Amino acid sequence: AGGVVLGKSAEKLFSLSGLFAVYKPKGPTSAGVLNLLKERLLAEAGVQTDENKRNKVLKIGHGGTLDSAAAGVLVVGIGKGTKLLRTMLAGSKKYTAIGLLGKATDTLDATGKVTEEKPYDQITKRDLENVLQKFTGDIMQVPPLYSALKKDGERLSTLVKRGEAVEAKPARPVRVYSLSLQQFQPPLFTLDVECGGGFYVRSLVSDIGKELSTCATMQELTRTKQGPFTLEEHALYEDKWTIDEIARSLEHCTSLLPGEPSHKKLKREHPGETAVSCE
């Protein structure tokens, strides 16, 4: 804005550029977490804006939605870093998921209505381990009806909640790099999964249930890694959402990224380009 003198912290905020990771708790949407982060940073910088202008003032986006009920690593791009988010979406991710045998829900997770109940006493740890092999490698997966995937520009989950009939999306190829059983305490089982882009862990849990001739639904999901960012090492918890902590994190994280594009290339692009949307 012409003639407005920015304070030191605002100047520092608007010079931040790159990728970092935050911890998303259970409950809020990924977009909600991003909005809170934006609000915090602008408040610390002493920049007054109403909600609608926040997006224009500060260029920030995330690299892949985590469901409201899920927790874990959310990769965030700031400044020119928003251009690198596309690659994060396609990269590999790691999750720890807790599944519940004997119950199915319409959303495939604990937030939904129970649609089916079946016995599961006959299932052994060995049965479960044997089934996992079928879901490792390049597999076909039908994405869940309740998802952020779009039909005619609207999320499937929005359409389903409105009571519209929604056709299941066709199965699509997804990649599972590794899948292992961490714990088995019937009816609960815990999986570690490393997968590529577009993979739904709740569909995996549901499909495992069917394969075992019972049913299953996901109770809990934590994303432990996205691309090179891990929950343990890189995710900033809410108390660290400050300009200085993020600046420090950006420096630390630049070394994680595959060869940074040269600055010449970034400058050539249109300065007004929009960031990857937060939804």
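Note that this is a predicted model, so its numbers are computed, not measured. (Residues numbered from 1 in each chain as written. Predicted model: local features only at pLDDT ≥ 70, side-chain atom pairs only at ≥ 80, totals over all residues. Heavy atoms only, no water.)

Draft legend 1. Structural view of the side chain of Ser249. For Ser249, the location among the structural elements is in helix α9 (residues 243-254). When its relative accessible area of 8% is taken as the criterion, Ser249 is described as buried. With residues up to four places along the chain from it excluded, the contact list for Ser249 reads Phe20, His234 and Leu236. (Helix = DSSP H or I, 4+ residues; strand = E, 2+ residues; numbered from the N terminus. Buried < 20%, exposed > 50% of the residue type's maximum accessible area, 1.4 Å probe, protein only. Contact = heavy atoms within 4.5 Å.)

Draft legend 2. Local environment of the layout of surface pockets. The computed volume of the largest pocket comes to approximately 1100 Å³. Taken together, 43 residues form the lining of the largest pocket, with Thr65, Asp67, Ser147, Ala148 and Tyr200 sitting closest to its centre. Of all elements in the fold, only α2 (30-44), α4 (85-90), β4 (93-101), α6 (156-161), α7 (201-211) and β12 (216-226) reach the threshold of two or more residues within the lining of the largest pocket. Among the domains, domain 1 (8-90 + 228-254) and domain 2 (93-226) are the pair contributing at least three residues each to the lining of the largest pocket. Considering only enclosed or pocket space, the second largest pocket measures out at about 320 Å³ in volume. What lines the second largest pocket is a set of 19 residues, and nearest its centre among them are Thr105, Leu108, Pro144, Ser206 and Lys210. For the lining of the second largest pocket, the elements supplying multiple residues, two or more each, are β5 (103-105) and α7. Among the elements that line the lining of the second largest pocket, the one with the most residues is α7, at five residues. The class makeup of the residues in the lining of the second largest pocket is ten nonpolar, four polar and five charged. (1 Å grid on protein atoms, 1.4 Å probe; cavity = no way out; pocket = protein on both sides within 12 Å on 5 of 7 lines; lining within 4 Å. Points joined across faces, edges and corners; volume = space filled by probe spheres on them. Domains from an automatic or database assignment. Nonpolar A, V, L, I, M, F, W, Y, C, P; charged D, E, K, R; others polar.)

Draft legend 3. Local environment of the packing of aromatic side chains. Taken as a whole and judged by the stated rule, the model has one aromatic pair. Ring geometry for Tyr23 against Tyr237: centres 4.5 Å apart, planes inclined by 20°, an arrangement best described as stacked. Separated by 214 residues along the polypeptide, Tyr23 in strand β1 (residues 18-24) and Tyr237 in the loop between β14 (235-236) and α9 bring together distant segments of the chain. Note on Tyr237: relative accessible area 40%, which makes it partly exposed. (Phe/Tyr/Trp six-rings, centres within 6.5 Å; stacked < 30°, edge-to-face > 60°.)

Draft legend 4. Geometry of the environment of Asn35. Mapping Asn35 onto the fold places it in helix α2. Assessed through its relative accessible area of 36%, Asn35 is described here as partly exposed. Residues Asn35 and Gly61, 26 residues apart in the sequence, show an inter-C-alpha distance of 9.6 Å.

Draft legend 5. Broad picture of the confidence of the model for the protein. Put simply, the protein has an average pLDDT of 88, and 90% of its residues get 70 or more. This model gives residues 260-279 a pLDDT under 50, and the stretch forms 26 contacts once residues within four places in sequence are excluded. (pLDDT = per-residue confidence, 0-100.)

Draft legend 6. Structural context of the packing of helix α1 (residues 8-15) against α9. Where α1 contacts α9, the two axes come as close as 10 Å, and the packing angle between them is 30°. Where α1 crosses over α9, the handedness of that crossing is left-handed. Side by side, α1 and α9 meet where Ser9, Lys12 and Leu13 of the first sit next to Ile243, Asp244 and Ala247 of the second. Its residues placed into classes, the contact of α1 with α9 shows three nonpolar, one polar and two charged. (Axes fitted to C-alpha atoms, helices over the stretch in contact; angles between N-to-C directions. Left-handed = near helix turned anticlockwise from the far one by under 90°.)

Draft legend 7. How the structure looks around the nonpolar core. With 29 residues, the main nonpolar core has Phe189, Leu191, Val193, Phe199 and Ile208 as its most contacted residues. Among the elements of the structure, β4, α5 (125-132), β10 (172-185), β11 (188-195), α7 and β12 are those that each provide at least two residues to this core. Element by element, the count of residues in this core is highest for β10, at five residues. Among residues more than four places away in sequence, those in contact with Leu191 are Tyr95, Thr96, Ala97, Leu132, Leu179, Ser180, Leu181, Gln182, Leu204, Val205 and Ile208. Ranked by size, the runner-up nonpolar core spans 23 residues in total, among them Leu74, Ile78, Leu236 and Ala247. (Core = buried A, V, L, I, M, F, W, Y, C linked by side-chain atoms within 4.5 Å.)

Draft legend 8. A look at empty space enclosed by the protein. Inspection of the entire model under this criterion finds one cavity of 30 Å³ or more. Considering only enclosed or pocket space, the largest cavity measures out at about 70 Å³ in volume. Lining the largest cavity are Ala69, Ala70, Asp109, Ala110, Thr111, Met218, Gln219, Glu220 and Leu221.

Draft legend 9. View of the pairing of β10. The pairing of strand β7 (residues 137-141) with β10 spans five bridges and is classified as antiparallel. Paired with Met140 across the strands is Pro173, a residue of β10. Two strands pair when backbone bridges link them, and β10 and β11 are joined in this way by eight bridges, in the antiparallel orientation. Within β11, the position partnered with Gln185 by the bridge is Leu188. (Pairing = 2+ DSSP bridges.)

Draft legend 10. A nonpolar patch on the surface, seen in detail. On the surface, Leu6, Phe14 and Val57 cluster together into a nonpolar patch covering about 200 Å² of accessible area. Checked against the element boundaries, Leu6 lands in the segment before α1. Assessed through its relative accessible area of 35%, Leu6 is described here as partly exposed. (Patch = residues over 30% accessible without salt bridge, like charges linked within 9 Å, V, L, I, M, F, W, Y side chains within 5 Å. Areas by Shrake-Rupley, 256 points an atom, 1.4 Å probe, with all protein chains shown as cover. Salt bridge = Lys/Arg side-chain N within 4 Å of Asp/Glu carboxyl O.)

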